[in-house]
Structure formats: structure tokens, C-alpha cells
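# Architecture at a glance
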Amino acid sequence: MARFSFASLIRNAVSGNARWPAQWRQAAPKPEYDALIVGGGGHGLATAYYLAKEHGVRRVAVLEKGWLGGGNTGRNTTIIRSNYLWRESEGLYDHALKLWEGLAAELNYNVMFSPRGVMMLAHNHHDVMVTKRHVHANRLAGIDNEWLTPEQAKAFCPILNISRDIRYPILGAALQRRGGTARHDAVAWGYARAADALGVDIVENCEVTAIRRRPDGAVEGVETTRGAIRAPRIGVVAAGHTSVVMAMAGVRMPLESYPLQALVSEPVKPVMPCVVMSNTIHAYMSQSDKGELVIGAGTDAYNSYSQTGALHISSHTLDAICELFPNVRRLRMLRNWGGIVDVTPDRSPIVGLTPVPGLFVNCGWGTGGFKATPGSGHVFAHTIATGAPHPINAAFTLDRFRTGRLIDEAAAAAVAH
């Protein structure tokens, strides 16, 4: 396999040609595979890697309509945690967190995982009760989480404002020390390189335009902008556009798509030692290894495929950040952007089979997609390879919206969405 360097990637980025190595860009899809993955983001690439490595399915193609990692994988705020409320979510996200902890060694690629701690603030009596409930639920499940007083929270994050006279005073916080951040695009690079080494074909600029089905209803392949491709198994992992792809097979998804915004400041010396999140005021912040403050905002209130979002969302978030962290008020914002998140009625993902034989879907992660990347790919690969869900994703079925066995994380995402 041809190698590539960070220097070449930087040169490409500076020149505006931020693309992948030539052998991937110029790869032409073969007419037939054992499995196709629709979507070349972190989840899709992880799925292809684990299909090849864990299940020996190496005649796999990842089809991406743009460039790898150019969707939500490159548009997130890099936060990793597993302190969700419900047992099913705890199992899935903690499985992912355990994989994150050894991922750089697994892929032989530095994904820059940094377990610096994720702290969630409580601003009122209701916040305190809900946050303590999370702490107790996590500890019962064997997941680390602890309650901090305002003084302990400030000791862990010295720039935090714990004055009692601010609009949203801090009454305490929950801390998951194993949580942290990773480099979003490095995760895509690492999985892509590792999958490529195992024989997976990675095809950019290859948009799926139709899903072909046999007379008995099972899938038999796809039509793309680069020709027809046959495969008996198709996994759809197209964040933000899953409903569009699944409609090609006649499957209606219980999803809504929203812009989710974030901002990045000019780089400064290290001032932010952890991740701090606030549900009440729709804001969270960490600091990248380059020194930029990475600030996350809330979802827009309307459905859209826009990758920008409403200006008042960002403005409200910056107001809140300036109150929580007064010493950042003079910093300039370098850029802001929006990703497109698929949201289910219970704010939990769908990972599993569909009514169409041979068609599998992985979607609906909302704000939880990046942190779940390795775990999502691992269990989805098992589902595609065996035709049955892994025990960890068995509850995350499309059928749960018919039976009513929901996994309602709507109030448990820690950022009000």
C-alpha cells in the first residue's frame, strides 16, 4: 500500500485540495462485492475495517458521494464520553469508549485520544437531581462518574466562573474522568488506512442514486454516478441523509434532520484542561491540541439539510460561554459551521436490520455520533456479517418504534438535544 505523510496532507489543505491519497481518489469500483458500505465517514470506515478484520469479509467497498470524512466526521466537537442514562446506551457508548482507549495502537495511527475528563454542570435544583441520577445510574453499571461541588469543579477547571451572582450559577457538576476528546479527521484517516491495508476498496465521488432489488425483494446492488455495483449486503451509514438513501429501497425512516452548530476560536496557550458541558444554557467547550477553543451550540429549531444554521443559536452560545468563562471574552472566533444530525423520536440510534433482506442501517445518532464511532462500527460490522445484531446493539432496532420499547435519551444528552 502506498504511504502518505502529514506534510502532503498539510500541503493539500493549504492549497485547497484537501483530499486523500491518489490511489483512493482514482480507485474505480469493481462490478461486484460481498458487501457495500454507503457513507465514507467515521462509522462507515470503521464498519468496513471491522468487517475485514474481525469477520474476514474483505471484498468490501465504501462508497462516498464526496470525500472521506467530509460530512459530520469533520464537523463535530470531538467529545467522547459514555455517561448516558439508560442501560442500553451505557453499554453501547462504554463499549465505544473502551475501544477508543486502545484505538491508536489498534490502527497504528495517532487518533489523538485525550482522556482529559468531561464535566457536566448543574445550574438549578432540577439539574442537580437529574445529574446525580446519572451519576448513580452510571456507577451501578460500572461506569465511572462522580459528583463535584462548585469548588471542586473550579479546582478541576480553574477558568470556570462559580460566582453566585451570575445568571446561571453553578450548583455542582458530574465528572467522567475517562471521557475526553480525539482528533475527528484523524479517526477517519486511521480507519481508512487500516481498512485499505486489509483490501477494502474506498471510492470517493461515488454517489448512490438507486438501490436495486431482486424479484423476491432482497437487495442485489446499487446504481451510482460511477456505474452499477452488485452486492448481496448493503449497510447504509450516511449521517444526515439516511432517509434519502433508504427511500431508494422503499423504507421510510423515523428521522428528522437538523443543523447542529459549532465554533472555533483563535488559538491560545493552554487554558482549558477538560471538557465542560452545560445542558441548561446549550453550551460546551474544550481546547484542541492546536490551542483553539472548540465551542458547541444547540440544534436549530427547524428541519434542514443546511450546514450553516441560524445565527442567533451561535450568538446565544457565545453569551453563555462568556459568562461561564469570563477570561475568553476578548477572543475572536475564527469560523463557525453546522453539521447535519439525524434525530429519532427517542434520541437514540438505529443500528440493525431493515424489512428489506440484505439491507442494514446505522443512523439516528443525533449528537452522539462521534463518541460512538469505534463501537458503532464494531457492532454494525457484526450485524452485517452475521445477519443478526450484536448483543450490544440488539435493543437499537427500527422495530422499537412499532413496539414502543424506546430508549429515551432525549433528556440525557447533556446539551439539551
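Here the structure is a predicted model, which means the values were calculated and not measured.

## Some remarks on the pairing of strand E10 (residues 219–224)
- Pairing geometry for strand E9 (residues 208–213) and E10, over five bridges, is antiparallel. Bridge pairing in E10 links arginine 213 to valine 219.
- The antiparallel pairing of E9 with E10 creates a hairpin that spans five residues between the two strands, and glycine 217 there sits at a positive phi of about 100 degrees.
- Here E10 runs beside strand E11 (residues 227–230); their pairing, made up of four bridges, is antiparallel. Bridged to threonine 224 within E11 is glycine 227.
- Connecting E10 to the next strand, E11, in antiparallel fashion are two residues.

## Overview of the packing of helix H4 (residues 87–101) against helix H11 (residues 373–386)
- Packing of H4 against H11 leaves a shortest axis separation of 7 Å and a crossing angle of 110 degrees. What the angle tells us is that H4 and H11 run roughly perpendicular. On the side of H4, the interface is formed by Leu92, His95, Ala96, Leu99 and Trp100, while H11 contributes Thr373, Pro374, Gly375, His378 and Val379.
- The residue makeup of the contact of H4 with H11, split by class, is six nonpolar, four polar and no charged.

## Quick look at H4
- The terminal C-alpha atoms of H4 lie 21 Å apart, and with 15 residues this matches the ideal 21 Å at 1.5 Å per residue to within 8%.
- Among all positions in H4, only Ser89, Glu90, Leu92, Tyr93, Asp94, His95, Ala96, Leu97 and Trp100 are buried.

## Structural notes on the pattern of salt bridges
- Summed over all chains, the structure comprises 20 salt bridges.
- The salt bridge partner of arginine 87 is glutamate 90, with a shortest N-O separation of 3.3 Å. Placement of both arginine 87 and glutamate 90 in helix H4 is noted, with a separation of three residues, approximately one turn of the helix.
- When salt bridges that share partners are traced, they join Asp94, Lys98, Glu101, Asp144 and Arg178 into one network.

Rules used in this analysis
- Starting from 1, residues in each chain are numbered consecutively following that chain's sequence as written.
- Only residues with pLDDT of at least 70 are given local features in this predicted model, and only at 80 or more are side-chain atom pairs given and counted; all residues enter the totals for whole chains, interfaces and linings.
- Only hydrogens and water are removed before side-chain values are computed, so all heavy atoms of the structure are retained for them.
- DSSP bridges decide pairing: two strands pair if at least two such bridges lie between them.
- Elements are defined by DSSP. Helices are runs of H or I of four residues or more, strands are runs of E of two residues or more, and each kind is numbered from the N terminus.
- Think of each axis as a best-fit line through the C-alpha atoms, taken over the contacting stretch in the case of a helix, with angles from 0 to 180 degrees between the N-to-C directions.
- When describing relative orientation, an angle under 35 degrees is termed roughly parallel and one over 145 degrees roughly antiparallel, while 65 to 115 degrees is termed roughly perpendicular and anything else oblique.
- Here, residues are in contact when the closest pair of their heavy atoms is within 4.5 Å.
- Charged residues are taken to be Asp, Glu, Lys and Arg, nonpolar residues to be Ala, Val, Leu, Ile, Met, Phe, Trp, Tyr, Cys and Pro, and polar residues to be all remaining types, Gly included.
- Multiplying one less than the number of residues by 1.5 Å gives the expected span of a helix.
- A simple rule labels every residue: compare its accessible area, found with a 1.4 Å probe on the protein chains alone, to the largest value its type can have, and call it buried under 20%, exposed over 50%, or partly exposed in between.
- Counted as salt bridges are all cases of a side-chain nitrogen of Lys or Arg within 4 Å of a carboxyl oxygen of Asp or Glu.

These figures capture arrangement, not role.
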